Amino acid sequence: MERAMISLSFDDGRRDNYRVFRDILSPRDLPATFNITSGFIDGTLSPDEFNCKTPPLTVDEITEMYLSPNCEIALHGDRHKNTEEDIETGAKKLAKWLGVPDDTVFGFASPGGEMTAEALDSMENYGRRGLLYMRCDMRILRQRRLKLFARKVSRIIKFPPIYRYAFSDTLMTDCPDRTVYSDLVLNGNTASQIISLINLAVKKKAALTLTFHTIAFTDDDDKWSWSAEKLEKVCDRLVALRDGGKADVLTSAELYERIR
Ligand SMILES: [Zn+2]
């Protein structure tokens with residue numbers, strides 16, 4: 001790889017996604033992937049059923065984001081599940097809303113990051129429709145116990161190198177099994193921790209996907225929310241890296257296509 005590749009991925013179809021798209025990403029011309037839980041959008045799944053404290057996006061907002069050149073819309077289950085049936089229901093609803101053919105192949109962000117490459121392989125019967133890729137959470141390739149320990153420590157001691165070490169195996173240089181690993185950004189994480197991992201991706205010319213849930217524009221201490229202020233710091237760093245020719249910022253589908 002010539003340079004690092006960074007992808008921003010937002011889960012569930014939370015209402016604030018639209019404001020993130022309009023006020024933070026679009027002014028900086030930064031692409032992103034939005035993973036939609038269709039039952040959440042059409043109200044057949046209550047936010048309480050998957051422990052979500054934010055209201056959903058509207059179909060109009062999702063369509064507007066889809067039609068903009070920098071957005072990928074991907075699957076995240078209909079009822080926030082990892083079963084073949086649930087993913088297929090989500091895909092059908094999304095295709096209808098976006099006005100695309102019923103057999104459109106979308107990317108898929110695994111709800112809860114619970115899907116494995118093996119489970120994905122056994123799902124090849126998924127109607128006529130496959131999945132472009134499957135995004136899950138972190139991975140650990142080596143020094144497992146030390147990295148799990150560093151992960152715990154990084155929640156208390158925010159010194160960026162500890163965090164960078166704990167999550168370093170999330171970086172990718174190839175993707176033989178359609179599985180895209182990602183760093184799950186949670187409330188306790190500082191912008192410096194995340195930027196430190198981005199800097200490691202730049203140094204190693206590797207691919208890094210960052211996963212977010214709610215982006216909070218006012219104070220919010222929910223575990224699944226991250227402040228807009230911190231996201232803006234990360235985005236400003238990405239703009240500097242992109243403009244300096246050090247990294248490409250891509251959708252998850254584009255990132256996958258380059259490392260597959
Ligand atoms: Zn989710």
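Calculation criteria
Residue positions are given per chain, counting from 1 as you read along its sequence in written order. Reporting in this predicted model follows two pLDDT cut-offs: at least 70 for local features of residues, and 80 or more for side-chain atom pairs to be given and counted; totals over whole chains, interfaces and linings ignore these cut-offs and use all residues. Calculated side-chain values reflect all of the structure's heavy atoms, with hydrogen atoms and water omitted. Where helices are involved, their axes are fitted lines through C-alpha atoms of the stretch in contact, as for all axes, and angles between N-to-C directions lie from 0 to 180°. Helix and strand assignments follow DSSP, with helices taken as H or I runs no shorter than four residues and strands as E runs no shorter than two, numbered in order from the N terminus. In these notes the angle categories are as follows: under 35 degrees is roughly parallel, over 145 is roughly antiparallel, 65 to 115 is roughly perpendicular, and the rest is oblique. Handedness of a helix crossing follows the sense of rotation of the near helix relative to the far helix, less than a right angle counterclockwise being left-handed and clockwise being right-handed. Throughout, a residue-residue contact means that at least one pair of heavy atoms, one from each residue, lies within 4.5 Å. The classification used treats Ala, Val, Leu, Ile, Met, Phe, Trp, Tyr, Cys and Pro as nonpolar, Asp, Glu, Lys and Arg as charged, and all other residues, Gly among them, as polar. Counted as donors are the N, O and S atoms within 2.8 Å of the metal, or 3.2 Å for Na, K and Ca, while water is not among the atoms, so some sites may look incomplete. Type-normalised accessible area, obtained with a 1.4 Å probe on protein chains alone, sets the label of each residue: buried when under 20%, exposed when over 50%, and partly exposed for intermediate values.

A.B. asks: Please clarify how the packing of helix α1 (residues 16–25) against helix α9 (residues 228–243) should be interpreted in this entry.
C.D. replies: Each packed pair of helices is defined by two parameters, the angle between the axes and the distance between the axes. Close contact between α1 and α9 brings their axes to 11 Å; oriented N to C, the two are set at 50 degrees. Looking at the two axes, α1 sits oblique to α9. In this structure, α1 crosses over α9, and the sense of that crossing is right-handed. Here α1 contributes V20, I24 and L25 to the contact with α9, which in turn contributes A228, L231, E232 and C235. Taken together, the residues that form the contact of α1 with α9 break down as six nonpolar, no polar and one charged.

A.B. asks: For this particular structure, what's the right way to read the coordination of the zinc ion?
C.D. replies: Any two of four tetrahedral donors ideally make an angle of 109.5 degrees at the metal, while pairs among six octahedral donors ideally make 90 or 180 degrees. Distances from the zinc ion to its protein donors, D12 (OD), H76 (NE2) and H80 (NE2), fall at 2.1 to 2.2 Å. Read in sequence order, the donor residues for the zinc ion give the motif D-x63-H-x3-H. Taken together, the residues span a long stretch of sequence, with D12 in strand β1 (residues 4–12) and H80 in the loop between β3 (71–75) and α4 (84–98) at a distance of 68 residues. Of the residues examined, D12 reaches a relative accessible area of 1% and is grouped as buried. The class for H80 is partly exposed, based on a relative accessible area of 21%.

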